[in-house]
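Survey of secondary and tertiary structure
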Amino acid sequence: MTSTAPTADVHRNWASNLEYRAARVVAPTSTEELIDAVRSASRAKVLGSRHCFNTIADTDGVHILSGTLPATVEIDSARRVVRASGGLRYGGLAPVLDREGWALANLASLPHISLAGAVATGTHGSGDAVGSLASAVAGLELVTADGELQTLRRGDADFDGAVVSLGALGVVTAVELDIVPTFEVAQTVYERLPLDEVLADLDAVTGLGYSVSMFHTWRDPGIVDQLWVKRRADAAGDAPDDVLGAAPATAKRHPLPDVSAESCTDQLGRPGPWYARLPHFKLEFTPSNGDELQSEYLVPRPNAVAAIQQIRALAPRVAPLLQVCELRTVARDGLWLSPAYDTDVVGIHFTWKPDQPEVEALLPVIEAALEPYGARPHWGKLFVLDGAADRMPRLYPRWSDFAALRDRLDPRGVFRNDFLERLGF
Ligand SMILES: Cc1cc2nc3c(=O)[nH]c(=O)nc-3n(C[C@H](O)[C@H](O)[C@H](O)COP(=O)(O)OP(=O)(O)OC[C@H]3O[C@@H](n4cnc5c(N)ncnc54)[C@H](O)[C@@H]3O)c2cc1C
């Protein structure tokens, strides 16, 4: 294998709402070149597939591309793990695993993102019983600021702090991910569900499949526009004929209204490989709309209905700026900076129209409404950084332990940037 994440236009993020400030870009092709780049840098950040919407990956120093390092995939069937390069995209890894009879338990809505970049930000898909992509990490190999190569495995003292790293601890050259025997999934889309009835028993709806997503435009606040149910083909029973009176769509749907479904993975209840159903979008197309911004807040499951009601109350302000809102579930993990740390969560995601000033004006209103419910923002999407250094330690019990780990692994502050400083690191 030779190709990892694409390296085109490394000066802007995927959404193009951000021009990176890096003074220099280096494209290492070996671990030795990478180590040299880290050792000689006073400030550096790794750039994965550039899919973050905020400044988490930005630097005024050196940008180190992960996508030019050699791509490797090694399956260890006995330990049920795959070791793969950090710059590889999920879309590059998945078919290799599938050919050998293996799968990952879950994927995000898109396969375009790099393994290490996704894991560093707590990226997730959906599923009551399935954790975030970071929760599948069994080990990682890290080049720290002093140029040393460290391996951390699940169970090691620093491991739980080092997985969702916000890119603050070093360069992840390889990750070991848990694998499971390959499986097939069929997805069915239901349209126009009554929100009150959904919220009356949210667990029943999110439990309809292995992975379930609900989409709202909030144009009609009483309606869930679409419900995507992804069921394992080996699960008992069939997809229901209707959900709370809502019938399955008779043609393929895109989550965004009036957008062609060509870029979406196959639906209509047709079984297919896990990696061609769990993401909403196909690798060979631009995911989502492409002209958008995103935010997401993850709330503990017991608070989910109240938090959704808060967003519903804000619908008149949210809807005009919104393309679509997506609700997903993520199972708890023990990773210190994971938004699912120590609690099952419901993710309330917003795909915004690309009007950043207006979105940034609305986010404090949304965050104030969700604050009583313990909402943790997605690290890779837009959220309010003002005051975050005060708020985050209340949301993350291991915050100061992470700060200490960062100080130990990066005493020179090589991987520090404005984003991390505003978080207090
Ligand atoms: C269209 C679209 C759909 C999305 N869908 C989802 C979704 O379904 N679920 C979800 O949770 N999120 C989703 N996201 C958000 C996305 O998954 C995250 O932003 C993720 O971090 C992207 O990975 P990346 O490689 O592009 O990260 P980058 O933006 O390149 O980097 C993110 C952070 O990781 C660090 N990093 C990257 N590579 C390394 C490395 N090798 N070693 C150390 N640090 C590294 C960077 O320095 C930076 O701090 C979506 C984003 C887009 C644009």
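Thresholds, definitions, all that
Residues numbered from 1 in each chain as written. Predicted model: local features only at pLDDT ≥ 70, side-chain atom pairs only at ≥ 80, totals over all residues. Heavy atoms only, no water. Helix = DSSP H or I, 4+ residues; strand = E, 2+ residues; numbered from the N terminus. Rg over C-alpha atoms; globule rule 2.2 N^0.38 Å. Buried < 20%, exposed > 50% of the residue type's maximum accessible area, 1.4 Å probe, protein only. Contact = heavy atoms within 4.5 Å. Areas by Shrake-Rupley, 256 points an atom, 1.4 Å probe, with all protein chains shown as cover. Lys, Arg positive; Asp, Glu negative; His and termini not counted. Charge placed at Lys NZ, Arg CZ, Asp CG, Glu CD. Pairing = 2+ DSSP bridges. Phe/Tyr/Trp six-rings, centres within 6.5 Å; stacked < 30°, edge-to-face > 60°. Lys NZ or Arg CZ within 6 Å of the ring centre and 35° of its normal. Near = heavy atom within 4 Å. Polar contact = N/O pair within 3.5 Å; in protein donor to acceptor, adjacent residues only side chain to side chain. Nonpolar A, V, L, I, M, F, W, Y, C, P; charged D, E, K, R; others polar. pLDDT = per-residue confidence, 0-100. Axes fitted to C-alpha atoms, helices over the stretch in contact; angles between N-to-C directions. Core = buried A, V, L, I, M, F, W, Y, C linked by side-chain atoms within 4.5 Å. Salt bridge = Lys/Arg side-chain N within 4 Å of Asp/Glu carboxyl O.

1. Observations regarding the overall build of the protein chain
Of the regular secondary structure elements, the protein chain holds twelve helices and 18 strands. Whereas a compact globule of 425 residues would reach a radius of gyration of roughly 22 Å, the protein chain reaches 20 Å, a difference of no more than 12%. Here the C-alpha coordinates of the protein chain stretch approximately 60 × 50 × 40 Å along the principal axes. Looking at the protein chain as a whole, 58% of its 425 residues are labelled buried. Long-range contacts, defined here as pairs at least 24 residues apart, represent 73% of the contacts in the protein chain between residues at least 6 apart. Total accessible area on the protein chain stands at roughly 15900 Å², and carbon and sulfur atoms take up 48% of it. Between the centroid of the 40 positive side chains of the protein chain and the centroid of its 55 negative side chains there is a distance of 1 Å.

2. So, the pairing of strand β4 (residues 73-76)
The pairing of β4 with strand β5 (residues 81-85) spans four bridges and is classified as antiparallel. Along β5, the bridge assignment pairs I75 with V82. Between the antiparallel neighbours β4 and β5 lie four residues, among them R80 with a positive phi of about 55°.

3. A closer look at the packing of aromatic side chains
All chains considered together, the criterion is met by twelve aromatic pairs. Judged by centre distance (5.5 Å) and plane angle (80°), the ring pair of W274 and Y275 falls under edge-to-face. Overall, the relative accessible area of 0% leaves W274 in the buried class. Ring geometry for Y396 against W399: centres 5.8 Å apart, planes inclined by 35°, an arrangement best described as tilted. The exposure class assigned to Y396 is buried, which follows from its relative accessible area of 0%. Site record: aromatic cluster; members linked through ring pairs are W379, F383, Y396, W399, F402, F419 and F425. Directly above the ring of F183 sits R232, whose terminal nitrogen or CZ lies 4.0 Å from the centroid. Note that R232 overlies the ring of Y210, its terminal NZ or CZ placed 5.5 Å from the centroid.

4. Here's the deal with the site of the ligand
Lining the immediate environment of the ligand, one finds 36 residues, of which V46, S49, H51, S114 and R328 sit closest. In this structure, S109 approaches the ligand through a main-chain N or O atom, which is 2.8 Å from an oxygen atom. Mapped by element, the contributors of at least two residues to the shell around the ligand are β2 (44-47), α3 (115-120) and β9 (171-178). In terms of residue count, α3 provides more of the shell around the ligand than any other element does, four residues in total. Its residues assigned to classes, the shell around the ligand comprises 17 nonpolar, 14 polar and five charged.

5. Digging into the confidence of the model for the protein chain
Per-residue confidence for the protein chain gives a mean pLDDT of 96; residues scoring 70 or more make up 98%. pLDDT under 50 marks residues 1-7. Its contacts with residues more than four places away, or in other chains, come to 25 contacts.

6. Some points on the sheet that holds strand β8 (residues 149-153)
Strand order in the open sheet formed by five strands is β4-β5-β9-β7-β8, with antiparallel pairing between adjacent strands. In this open sheet, the two edge strands, each paired with only one partner strand, are β4 and β8. Taken pair by pair, the neighbouring strands of this sheet meet at an average axis angle of 15°, ignoring direction. In terms of strand pairing, strand β7 (residues 137-143) meets β8 through five bridges, oriented antiparallel. Looking at the pairing, L142 lines up with Q150 of β8. Across the sheet, helix α2 (residues 90-99) is in contact with β4, β5 and β9; its angle to β4 comes to roughly 45°.

7. Observations regarding unusual backbone geometry
At L166, a position not held by glycine, the phi torsion is positive, near 55°. Looking at the secondary structure, you find L166 in the loop between α4 (159-162) and β9. Of note in this structure, R192 is not a glycine but carries a positive phi near 55°. Along the chain, R192 falls in strand β11 (residues 184-194).

8. Observations concerning the nonpolar core
Ranked by size, the top nonpolar core spans 107 residues in total, and within it W352, W379 and L423 carry the most contacts. A total of six residues in this core trace back to one element, the largest contributor, which is helix α9 (residues 356-370). Counting residues in hydrophobic clusters, the runner-up holds 15 residues, among them V38, V62, L69 and V414.

9. Some remarks on the side chain of D333
Tracing the backbone shows D333 in the loop between β16 (322-330) and β17 (345-352). R376 is the oppositely charged side chain nearest to the buried, salt-bridge-free D333, at an N-O distance of 7.2 Å. A polar contact is formed between the side chain of D333 and the backbone nitrogen of L335, at a distance of 3.0 Å. Apart from the residues lying within four places of it in its own chain, the contact partners of D333 are S132, S135, S338, A340, Y341 and D342.

10. Remarks on the sheet that holds strand β12 (residues 211-216)
Spatial strand order, β14-β11-β13-β12-β16-β17-β15-β18: eight strands in an open sheet with antiparallel pairing. Of all strands in the sheet, those with a lone pairing partner are β14 (272-273) and β18 (376-377), marking the two edges. Across two bridges, the pairing between β11 and β14 is antiparallel. Across the sheet, the residue bridging to E184 is P273, located in β14. Sheet contacts for helix α7 (residues 304-313): β15 (293-300), β16 and β17; angle to β17, the most-contacted strand, approximately 20°.

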